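Overview (structure and organization)
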Amino acid sequence: MRKPVMAGNWKMNKTRDEALQFIYAVSDKLPSKDKLDSIICAPAIILRDLVKRQGDNLRIGAQNSHFAESGAYTGEVSPVMLSSTGVEYVILGHSERRAYFNETDETVNLKIKAALSHDLKPIVCCGESLEERENGTTHSVLEKQITLGLKDIKEEELETIIIAYEPIWAIGTGKVASAEMADEACGYIRSLIEKLYSKKASDKIRILYGGSVSTKSVSELMAQPNIDGGLVGGASLNADSFIELCEKAI
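Residues numbered from 1 in each chain as written. Predicted model: local features only at pLDDT ≥ 70, side-chain atom pairs only at ≥ 80, totals over all residues. Heavy atoms only, no water.

1. Regarding the sheet that holds strand S4 (residues 89-92)
Pairing in this closed barrel of 8 strands is parallel, and the strands run S1-S2-S3-S4-S5-S6-S7-S8 around the ring. Strand-to-strand twist across the sheet, computed as the mean angle between neighbouring axes with direction ignored, equals 25°. Bridge analysis of strand S1 (residues 5-9) against strand S8 (residues 229-232) gives 4 bridges, and the strand direction is parallel. By the bridge assignment for S8, valine 5 is matched with glycine 229. Contacting S4 and strand S5 (121-126), helix H5 (residues 105-117) runs over the sheet at an angle of about 165° to S5. (Pairing = 2+ DSSP bridges. Helix = DSSP H or I, 4+ residues; strand = E, 2+ residues; numbered from the N terminus. Axes fitted to C-alpha atoms, helices over the stretch in contact; angles between N-to-C directions. Contact = heavy atoms within 4.5 Å.)

This is the structure in structure tokens:
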């Protein structure tokens, strides 16, 4: 049995005070960490504040990391810095990072390696655009992203990696891939892991669906055999809805 995951991605939202209010509201209401990994990925500026108050059943993650440990990279945050805050997870390769900040499969690969070397658990994003979905190249896009993103990653390192399938056309649009469509893509990703590593690795790796996940859609998505949780945007900003998402995930 793969333990389900509910990961909130706050993106560029919440002040420190708003973030603390959220943490206090959810800290004693989330399911046990034995049943579910509940994660909030917050802006870097408030990570330490949240880690100090995360409680037993919530873990904090970052939304990005550079691949260098230090250097002349103005505005960036290194994996060393993230590790020093006490965060456990980091989102890498999100489509917004790829679209707005020119991230590539190759830089995502460097970031995964850097994160792993500093005991951070990567949540690695992949997904196709609407044009790619409509012209039938979803599988080839996913194969390229997964193959290049995980290049030279050992099978034992894969145990701390979570993959998030996020069709770009469903992020922040209110459009949600049907549960069957999402499961088919997640199943294809699982088959790629088997091809690149082993059946054991593909059975163990946790694959999330992301893209306008809501309290209404999460139960049907979680019922699918290849979907192990959600990477949630807007619905993770409200304490009550995040609690409900976590409860429905189990």
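2. Points about the side chain of arginine 190
By the element assignment, arginine 190 lies in helix H8 (residues 179-196). You can call arginine 190 buried: its relative accessible area is 7%. Engagement of the side chain of arginine 190 in a polar contact is seen with the backbone oxygen of serine 202, the distance being 2.8 Å. (Buried < 20%, exposed > 50% of the residue type's maximum accessible area, 1.4 Å probe, protein only. Polar contact = N/O pair within 3.5 Å; in protein donor to acceptor, adjacent residues only side chain to side chain.)

3. Re the packing of aromatic side chains
Tallied over the full model, the rule gives 4 aromatic pairs. Over the ring of tryptophan 10 we find lysine 14; its NZ or CZ atom is 5.3 Å from the centre of that ring. (Phe/Tyr/Trp six-rings, centres within 6.5 Å; stacked < 30°, edge-to-face > 60°. Lys NZ or Arg CZ within 6 Å of the ring centre and 35° of its normal.)

4. With respect to the layout of surface pockets
Taken as a whole, the largest pocket holds about 520 Å³ of empty space. Taken together, 22 residues line the largest pocket, and the ones lying closest to its centre are Lys11, Met12, Gln63, Asn64 and Arg97. No other element matches the 3 residues that helix H4 (residues 95-100) contributes to the lining of the largest pocket. Residue composition of the lining of the largest pocket, by class: 12 nonpolar, 6 polar and 4 charged. (1 Å grid on protein atoms, 1.4 Å probe; cavity = no way out; pocket = protein on both sides within 12 Å on 5 of 7 lines; lining within 4 Å. Points joined across faces, edges and corners; volume = space filled by probe spheres on them. Nonpolar A, V, L, I, M, F, W, Y, C, P; charged D, E, K, R; others polar.)

5. So, the side chain of arginine 97
Positionally, arginine 97 belongs in helix H4. Side-chain polar atoms of arginine 97 contact the side chain of glutamate 103, separated by 3.1 Å.

6. Quick notes on empty space enclosed by the protein
Using a probe with the size of a water molecule, rolled over the atoms, empty space left in the structure can be pinpointed. Under the criterion given, the structure shown has 1 cavity of 30 Å³ or more. Going through the elements one at a time, helix H10 (218-222) and S8 are the ones with two or more residues in the lining of the largest cavity. In terms of residues, the lining of the largest cavity owes the most to one element, H10, which gives 3 residues. Partitioned by chemical class, the residues of the lining of the largest cavity number 7 nonpolar, 2 polar and no charged.

7. Quick word on the state of the cysteines
Evaluated as defined, the whole model comprises 0 disulfides. Its sulfur unpaired, cysteine 126 is 7.6 Å from the next cysteine sulfur, which belongs to cysteine 125. (Disulfide = S-S within 2.5 Å.)

8. Details of H5
Compared with an ideal rise of 1.5 Å per residue, which puts 13 residues at 18 Å, H5 spans 19 Å between its outermost C-alpha atoms and is within 8% of the ideal. Along H5, the positions that sit buried rather than exposed are Asp105, Val108, Asn109, Lys111, Ile112, Ala114, Ala115 and Leu116. Among the structural elements, helix H3 (79-85), S4, H4, S5 and helix H7 (138-149) are those in contact with the buried residues of H5. Of the residues flanking the end of H5, it is aspartate 119, one or two places downstream, whose phi is positive at about 60°. (Expected span 1.5 Å × (residues − 1).)

9. Remarks on the environment of tyrosine 165
Among the secondary structure elements, tyrosine 165 is positioned in strand S6 (residues 162-165). Judged by its relative accessible area of 0%, tyrosine 165 falls in the buried class. Once the C-alpha coordinates of tyrosine 165 and glutamate 18 are considered, the two residues, 147 residues apart in sequence, prove to be 29 Å apart.

10. Section: the packing of H7 against H8
Interhelical geometry of H7 versus H8 gives an angle of 45° and a closest axis separation of 10 Å. Considered as vectors, H7 and H8 are oriented oblique to each other. Of the two elements, H7 crosses H8, and the hand of that crossing is right-handed. Between H7, through His139, Leu142, Glu143, Ile146 and Thr147, and H8, the contact on the second element is made entirely by Glu184, Ala185, Tyr188, Ile189, Leu192, Ile193, Lys195 and Leu196. For the contact of H7 with H8, the residue count by class is 8 nonpolar, 2 polar and 3 charged. (Parallel < 35°, antiparallel > 145°, perpendicular 65-115°, else oblique. Left-handed = near helix turned anticlockwise from the far one by under 90°.)

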